[in-house]
Every structure is written in structure tokens, then in C-alpha cells.
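Residue-level structural notes
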Amino acid sequence: MEVLRFGLGIRFDFFTDEVTEEQKTTALFELCSALPVSVTEGLLLFAGVHPLSEPDSRGVYTVVFTKGSLKKMRALYRTVESDAMLHCMLCPVTPYLQNNVIREFDDLEYLGEVGADGRVTGGARSDLCFVKKPLPRRKFDPSGCIVVAPNSFKGTFSANTAARHICRALRSAMPYRDIVPLPVADGGDGTLAAVEAMLRGRRCTATVTGPYGGEVEAAYYAVDGRIAVIESALASGLALCDENALDPLKATSRGTGELVLRALHEGLTQIYLGLGGSATNDCGIGAANALGFKFLDAEGSEVTDAAHMSEIVRIDASERDMLFFNADIPIVLMCDVDNPLTGMNGATYTFGPQKGADEKTLEILEKGMQNMARVLKEFNGSFSPDAPGAGAAGGMGAMFMTLGYADQMSGAEAILDIAKFDKLMKRAAFVVTGEGCLDATSVRGKAVGTIAQRAAKAGVRIAILSGKRGKGADAAEKLADITTYCEDGIDRTIALDAAAKVLAERIRQCI
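Residues numbered from 1 in each chain as written. Predicted model: local features only at pLDDT ≥ 70, side-chain atom pairs only at ≥ 80, totals over all residues. Heavy atoms only, no water.

**Structural notes on the side chain of Asn 99**
- Position of Asn 99 relative to the elements: it lies in helix H5 (residues 99-102).
- From its side chain, Asn 99 meets the backbone nitrogen of Gly 7 in a polar contact 2.7 Å long.
- Excluding its chain neighbours within four sequence positions, the residues that come into contact with Asn 99 are Val 3, Arg 5, Phe 6 and Gly 7. (Helix = DSSP H or I, 4+ residues; strand = E, 2+ residues; numbered from the N terminus. Polar contact = N/O pair within 3.5 Å; in protein donor to acceptor, adjacent residues only side chain to side chain. Contact = heavy atoms within 4.5 Å.)

In C-alpha cells form, the structure reads like this:
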């Protein structure tokens, strides 16, 4: 669309899959009630559902004011920001749009021009009229927000979907309360989507080597112009493979290394690398190759695949990329498992079968991993094959621990750090978390337990919503002020909405 002088796009998020006509009218009439003619006179009004990069786009309604001066747009912004009802309806990730983005919209509906009397004329909504004098409105209070931070309900709902259902119930019960969705992940599949749904940033794509050669389009997410969040599964994952043609002796992690290299050369100075869901068992040889490292056998020939890992005798780092080998660029490994590199609990025997390895293949791979443990130890004396997470993503954890300045931490902890969770706790009244099944493992490094512990440390009350109650759930329940479960035997979406409604009412009574 053409933007005349200055424009401001205001994005209202209804946490639904589609925006209804009733919801559009609600947003427009709230604007008319809050914005006086002194701020809106002469402005042109457009509106519509225009997808951006965020997963929530279809539930977001964008209202654009244009043909105004910079002074008028700033006054409009300040009014919306300070109004409790309007503020609590805004899209949490990208609440406002400016000229450069608005110009790309070509399908917004023209609603009309605001006249001196406040009436909107000449467009599709002649029923709109902005107030002549500001009416008494509740002011927005940034304290006492409710943070909604569920993990995925595996096999049923993504973390983002679960968060949006819970947010919708909370907003219905407490319309003036600031609701902050913060879907979390553990470093495996879905990590990038969770970060994208909760933080404003930029999705970057690159053509990289797939797990069985060929090219795949993989993405990473840039936050604050300095942080790159990379998910190995998007470049080297099982989901990219034909399940009937899996062969971990041939699968390569090269694409993950290419994504890391791309992010470094773009100027990003901190890498968060999610290790999980990979199709590979090459100890990260492919990823290291992409970063300039070579693995040589006794005759000086280069080894590039998992099938011949047992022949490697040394690592040649003479052609390594110097940006990667830089202590000033930290790499944080987000692991969804704590397995060592070798042994019965290591990368090969624990995860090899799901990647297509039979008994003979497992023996070959484990022999190679045992050799790689020795080679990596010789290259970096501080490396231990027994380090938690060394076996993550088919041994990529071990490789990055050895070759780079990488620290391992739980995926949940890393995601919360990226989202500045502890800072958010300073203004939170409640934290809502949850997962598909609450059981004894929920408090052993998983997202639910991690969130509950951090919230408790900050003195913030905790609510848990879970799909079902498993064995040992009482340990997690003791950490929470409120625990709610979905009802069995009914549609899962209906069950989630019903449980979220119960949870919202219980929280409302507590606050």
C-alpha cells in the first residue's frame, strides 16, 4: 500500500487461528473509544490480516493509520501504549509496524478518513467514530503480568499452540491483565519455532547440505543483531529423510556446520546451537568439515563419513575458519539429552537404532566413536567423552565441545536465558507452564521444572497445566500453587481449552 507521510500499524493478537468479524469490530471500536479526534483527524485508516513471519499471523489483525505527521503518530503511539485495554490486546512479539513494513502490504481494506467530527467516511466502515474528548480509560500497569511458558504437548500441540490456547483463556478471564506468551523448548525439534514465537528477530534461510547430501533450505533465527539460534534438526534432521532409506554410516552433519558458519560470517557474535532430532551419527565430522577442520587417517587421507571414523588418527586445524575458533564468540550447546559420547548409554547405542542402524552397523559406529573419543582428547586435553551432552545429535555435542569454545547447558535453561526470563519475573504475578504428561522427569532438567524453580527463586507463583498426570507427578505438583489436567476421553483441543478456562479462573481468584 502507499504510505502517505508517516504511518503506524497497530497489531491486535486474538490468539486464534483466524480473526472473526466480531474480533475486528472489537479492535476498531476500542480504538475509537481511546483515541480522540485531536490525534486522529485527517488520518486515513486501513485494516486487515496480513501474514508476517511469526507463526501467529493468521490470528493477528493489523490496523494502519497513515497520512499523519510524525508528531501525530507519536501521540497515537503513546495513547495506545498507555491504555490498558488496547495494550493488553497487542501482539506480544511485534505490536507495531512502521513505514518500511507497511509499504509491503497490498491487501489491506480501506476503512475511510477521519473527519473533524471524528467520523470515518469514504471507506468500508462508516460506523466508526473517534471520540471528541478523551473518555475515562484504565491506564496500563506493566506490573503483575502473567507469563505463559509451556513446553510442547508432544504428539498433540506445539509449545506455541499450547501457549496461545492458554493465553486466550486468561485474556477472557482477565481482559486488563498483561498476558505474555513465552513458549519454550528443550533444544530439540521445535526450538527455533519456540524462539521465533516469543522473541522479535529475523528468520534467515540458507541452502545447506542435507543429511544425505543434496541441498536443503534450512533456517536460523537472529535476535538483537547478535544472537543466532540454530536448530541442528533443520539442517541434519531425521524429519528431512526418507524413513525407509536411513543409513547412519552415510549421514552427514555438514549442513549444521554450514549454518553455524553462515551465522558467524553474518556478524552474529553468540551462537545457541540446539542439538536434537538429528539423522546423523558421525560425531560431528561433517559439521567440523564445513568449519574448515580435516580428519586424517594414518596415510594422511581425509575421512569424511561415519563409516570410516575408526581410521582417523588426527585432526588438521590449519584451514579452520578463524571466526569459529575465537574465544570471543561463545557457542552454547542446547542439549535435550545428557548422554555421553560412548558406551551403552552413548550416542550410538541409545539413538542409533532410530536412525536406521542394525546390530552390525551399531558395532561399526561404536568402534568409530571410541576412536573419536581418543582423537578428540588428543586434540583438546580438557575434553571428556563422558561429559553430559557429548552424545547429543550423534556426537555433534562432543565435536563442538572439543573444537570450539562451547558450553553445554539444558535447552530449557538456554531458551529462558535468551528470553531474559529472570528479568521478566521482576514484573510477573504468575507463571503458567505445562507439558503433555507431568511425571517424575518433569523436574529433572525439563522445561516445567526449570521454569518452576526459576519462578520460585524470584518469588513468583506458579501454575501448571498438563495433558495428563503420570507417575511421580507429585514432585512437580509440590512446586506449583495451581495444577490442572486436561480431561480424558474428549477431543484434545476441547480438553485443552476447558482445562485452560479452569486454570484461568483459579488464577483470577488468586490475584
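Next comes the rest of the account.
**Notes on the packing of helix H6 (residues 159-173) against helix H18 (residues 492-510)**
- Orientation of H6 relative to H18, taken along the N-to-C sense of each, is 45°, at an axis distance of 8 Å. The orientation of H6 relative to H18 falls into the category oblique. The handedness of the crossing between H6 and H18 is right-handed. In contact with Ala 162, His 165, Ile 166, Arg 168, Ala 169, Leu 170 and Ala 173 of H6, H18 contributes Thr 493, Leu 496, Asp 497, Ala 500, Lys 501, Ala 504, Ile 507 and Arg 508. (Axes fitted to C-alpha atoms, helices over the stretch in contact; angles between N-to-C directions. Parallel < 35°, antiparallel > 145°, perpendicular 65-115°, else oblique. Left-handed = near helix turned anticlockwise from the far one by under 90°.)

**Here's the deal with the nonpolar core**
- Among the nonpolar cores identified, the biggest contains 59 residues, and Phe 293, Phe 295, Phe 324, Leu 333, Met 372 and Phe 400 are the most heavily contacted of them.
- No other element matches helix H12 (residues 359-379), which puts 7 residues into this core.
- Other than its neighbours up to four places away in sequence, Met 372 contacts Cys 283, Ile 285, Phe 295, Met 309, Ile 312 and Met 399.
- Judged by nonpolar contacts, the second largest core, of 41 residues, contains Leu 192, Ala 219, Val 223 and Ile 462. (Core = buried A, V, L, I, M, F, W, Y, C linked by side-chain atoms within 4.5 Å. Buried < 20%, exposed > 50% of the residue type's maximum accessible area, 1.4 Å probe, protein only.)

**Observations concerning the pattern of salt bridges**
- Tallied over the entire structure, the rule returns 20 salt bridges.
- A salt bridge links Arg 203 to Glu 196, with the nearest nitrogen and oxygen atoms 2.9 Å apart.
- Judged by its relative accessible area of 4%, Glu 196 falls in the buried class.
- Residues Arg 469 and Glu 477 are paired through a salt bridge, measuring 2.7 Å at the closest nitrogen-oxygen approach.
- Among the residues examined, Arg 469 registers a relative accessible area of 49% and is labelled partly exposed.
- Where salt bridges share partners, they join Glu 413, Asp 417, Asp 422 and Arg 454 into one cluster. (Salt bridge = Lys/Arg side-chain N within 4 Å of Asp/Glu carboxyl O.)

**Some points on the sheet that holds strand E18 (residues 461-469)**
- If you trace the 5 strands from one edge of the open sheet to the other, you get E8-E7-E17-E18-E19, paired in parallel fashion. Each of the sheet's edge strands pairs with one partner strand only, and the pair in question is strand E8 (179-181) and strand E19 (482-485). Pairwise comparison of adjacent strand axes, ignoring direction, gives a mean angle of 20° for this sheet.
- Inspection of the sheet shows E18 paired to E19 by 4 bridges, in the parallel sense. (Pairing = 2+ DSSP bridges.)

**Some remarks on a positive patch on the surface**
- Together, Arg 226, Lys 420, Lys 423 and Lys 426 make up a region of like positive charge exposed at the surface.
- Looking at where Lys 423 falls in the secondary structure, it is placed in helix H15 (residues 421-425).
- Judged by relative accessible area, which is 59%, Lys 423 ranks as exposed. (Patch = residues over 30% accessible without salt bridge, like charges linked within 9 Å, V, L, I, M, F, W, Y side chains within 5 Å. Areas by Shrake-Rupley, 256 points an atom, 1.4 Å probe, with all protein chains shown as cover. Lys, Arg positive; Asp, Glu negative; His and termini not counted. Charge placed at Lys NZ, Arg CZ, Asp CG, Glu CD.)

**So, unusual backbone geometry**
- We note that Cys 283 has phi near 60°; this positive angle belongs to a residue other than glycine.
- Here Cys 283 lies in the loop between strand E12 (270-275) and helix H10 (285-290).
- The phi torsion at Ala 393 lies on the positive side, around 50°, for a residue other than glycine.
- Mapped onto the elements of the fold, Ala 393 is located in the loop between H12 and helix H13 (396-403).

**Structural notes on the pairing of E12**
- Most of E12 sits out of view: 6 of its 6 residues are buried.
- Pairing of strand E11 (residues 227-231) with E12 involves 5 bridges; the strand directions are parallel. Each residue of the ladder has a partner; that of Ala 228, found in E12, is Ile 271.
- Two elements, E12 and strand E15 (residues 331-335), share 5 bridges in a ladder whose sense is parallel. Bridge pairing links Tyr 272 to Val 332 in E15.

**Notes on the pairing of strand E17 (residues 428-438)**
- Among the 11 residues that make up E17, 9 are buried, leaving the element largely enclosed by the rest of the structure.
- The sheet contact formed by strand E7 (residues 145-148) and E17 spans 4 bridges and is parallel. Counted as the bridge partner of Val 147 is Val 431 from E17.
- In terms of strand pairing, E17 meets E18 through 8 bridges, oriented parallel. Paired with Gly 434 across the strands is Leu 465, a residue of E18.

Distances and angles like these do not, on their own, reveal function.
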